[in-house]
Amino acid sequence: MSGPGGEIFGMGTHRRASVSAGGFGFSPEQVRAWLSALRAGGLPEAVVLSTCERLEIYGVGAADVAAAFLQQALGMGSPLALTRWAGSAAVRHLFRVAAGLDSTAVGEPEILGQVRDALTLAREAGTVGAILGPLFDRAIALGREVRSRTDLGRFPSSLAALAVQEIRERVGLAGKRILVVGAGTMGSAVVRAVGRDRPLRLRVLSRTLERARQLAEPAGGEAGTLTDLISSLIEADVAFMALAAPQPILSGPELHAVAHGRGAALADPLWLVDLGAPPNVDPQAELPSSIHRIGLEDLQARGNARRQRLEATIAQAEAMVEAAVREWEAAQRSRAVGPLIARLERRAEAIRQQELAWLWPKLGELTPAQRARIEQFAHRLVRKMLHAPLIGLKQAAGDPQALALFQALWQLEDDSFSSSSDGGASP
């Protein structure tokens with residue numbers, strides 16, 4: 001599936017490929033810089049999709065340029081392998097991503113907004129055009145259709161919802177002291193999810209007190225900054241770690257300090273739910289016996305179980321994706337033969353005009369109505385004669401040999417037209 005600048009491709013990696021490898025979630029500034037560099041590197045169109053779960057580049061042209069950027073972003077020693085998609089496979093993957101079918105929490109709604117944000121950044125950077133612009137617009141529209149026409153939209157889930165449900169089933173949230181670290185998208189989703197459980201206390205920590213207050217106070221909670229992290233953990237029963245940070249914010253020694261601070265006075269363990277990307281809790285740290293951690297691997301297991309329960313709904317959504325891919329393929333085939341169709345129509349019109357020019361002197365004086373009727377007859381005749389060839393041309397759009405034969409039979413290699421080759425204008 002190609003455009004004027006080359007074939008559509010996609011490539012990237014997913015956090016599921018290695019839970020311990022951390023997440024992505026690059027800043028908009030970093031993404032803008034990448035887009036500019038990709039364009040300077042020779043890609044006529046490019047979109048970067050960066051979330052906590054995935055890092056992907058979609059483009060038109062030389063895929064090797066994008067591969068070099070991804071390797072640089074991940075680091076040469078990264079354990080995450082790149083997956084590549086070309087043509088229809090790239091289109092299908094993007095459509096599945098927008099529909100929520102490729103997420104840990106199948107059907108999660110956040111990914112659709114993230115796809116939309118990726119397109120917005122690329123448009124601002126001037127790296128989308130006639131191919132990726134319509135493709136991403138269609139992906140976003142399809143994501144909305146899937147959620148409105150299937151149970152994926154009626155029973156939405158997200159990574160935050162899976163995390164809250166995991167804790168709800170393990171220890172419960174009612175009457176518990178809940179700590180949420182991070183006031184971004186993930187932290188906000190956690191606060192919304194725990195509200196109906198009526199916790200004893202809700203506390204939100206962020207880098208700035210103002211941001212923590214904006215999230216905590218409407219939910220009836222308390223606010224603090226990261227300087228309160230250790231003391232807040234000592235007093236909490238459950239802590240959802242959802243801070244966007246380039247490295248872990250809790251080390252092994254700090255975890256032991258929290259356990260020591262809790263002492264024997266708090267018999268129940270502290271549950272840490274790590275939603276950070278990369279992890280907020282050092283994955284290499286040895287946990288004290290009084291602290292339990294829930295990571296992405298646990299949430300992935302819950303997501304897989306939900307996927308099994310929604311098997312019929314997922315099949316319906318997958319069918320919608322496949323239908324959209326076929327529609328896109330058909331549209332691209334029609335787009336590819338557009339220049340040939342235009343050339344054929346120009347040739348037919350030139351013949352029509354030439355034959356009318358031959359006819360007029362032989363008919364003598366005609367009224368305007370008579371001339372108009374003859375013009376209409378000639379136009380209808382040409383359109384009817386072109387009808388079957390145009391259908392055949394569209395059907396042959398995916399067959400290069402058939403297209404070449406069609407061009408030769410109709411002499412469409414260029415727009416030139418010789419009256420002597422037709423013989424219709426002879427006296």
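Given the structure is predicted, the values throughout are model-derived calculations rather than measurements.

Draft legend 1. Main features of the packing of helix 3 (residues 88-98) against helix 5 (residues 132-149). Between helix 3 and helix 5, the shortest axis-to-axis distance is 8 Å and the interhelical angle comes to 45 degrees. When the axes of helix 3 and helix 5 are compared, the pair comes out oblique. Here the hand of the crossing between helix 3 and helix 5 comes out right-handed. Each of Val 91, Leu 94, Phe 95 and Ala 98 in helix 3 lies in contact with helix 5, whose residues at this interface are Leu 135, Phe 136, Arg 138, Ala 139, Leu 142, Gly 143 and Arg 147.

Draft legend 2. Representation of the sheet that holds strand 10 (residues 270-274) within the structure. Pairing is parallel in the open sheet, where six strands are placed in the order 8-7-6-9-10-11. Strand pairing shows two members of the sheet lacking a second neighbour, strand 8 (222-225) and strand 11 (291-294), which therefore form its edges. Along the sheet, successive strands turn relative to each other by an average axial angle of 20 degrees, direction set aside.

Draft legend 3. Just the nonpolar core, in detail. Grouped together as the largest cluster of nonpolar side chains are 57 residues, with contacts concentrated most on Ile 8, Leu 35, Leu 38, Val 48, Phe 95, Leu 101 and Leu 135. A total of eight residues in this core trace back to one element, the largest contributor, which is helix 4 (residues 110-125).

Draft legend 4. Representation of unusual backbone geometry within the structure. Phi is positive for Arg 198, close to 55 degrees, though the residue is something other than glycine. Counting through the fold element by element, Arg 198 comes out in the loop between helix 8 (185-194) and strand 7 (201-206).

Draft legend 5. A look at the packing of helix 7 (residues 159-170) against helix 12 (residues 296-309). With their axes 10 Å apart at the nearest point, helix 7 and helix 12 run at an angle of 95 degrees to one another. Judged on the interaxial angle alone, helix 12 and helix 7 are roughly perpendicular. For the pair helix 7 and helix 12, contact is made by Leu 159, Leu 162, Ala 163, Gln 165, Glu 166, Glu 169 and Arg 170 and by Leu 296, Asp 298, Leu 299, Arg 302 and Gly 303, respectively. For the contact of helix 7 with helix 12, the per-class residue count stands at five nonpolar, two polar and five charged.

So, how was this worked out
Residues numbered from 1 in each chain as written. Predicted model: local features only at pLDDT ≥ 70, side-chain atom pairs only at ≥ 80, totals over all residues. Heavy atoms only, no water. Axes fitted to C-alpha atoms, helices over the stretch in contact; angles between N-to-C directions. Helix = DSSP H or I, 4+ residues; strand = E, 2+ residues; numbered from the N terminus. Parallel < 35°, antiparallel > 145°, perpendicular 65-115°, else oblique. Left-handed = near helix turned anticlockwise from the far one by under 90°. Contact = heavy atoms within 4.5 Å. Pairing = 2+ DSSP bridges. Core = buried A, V, L, I, M, F, W, Y, C linked by side-chain atoms within 4.5 Å. Buried < 20%, exposed > 50% of the residue type's maximum accessible area, 1.4 Å probe, protein only. Nonpolar A, V, L, I, M, F, W, Y, C, P; charged D, E, K, R; others polar.

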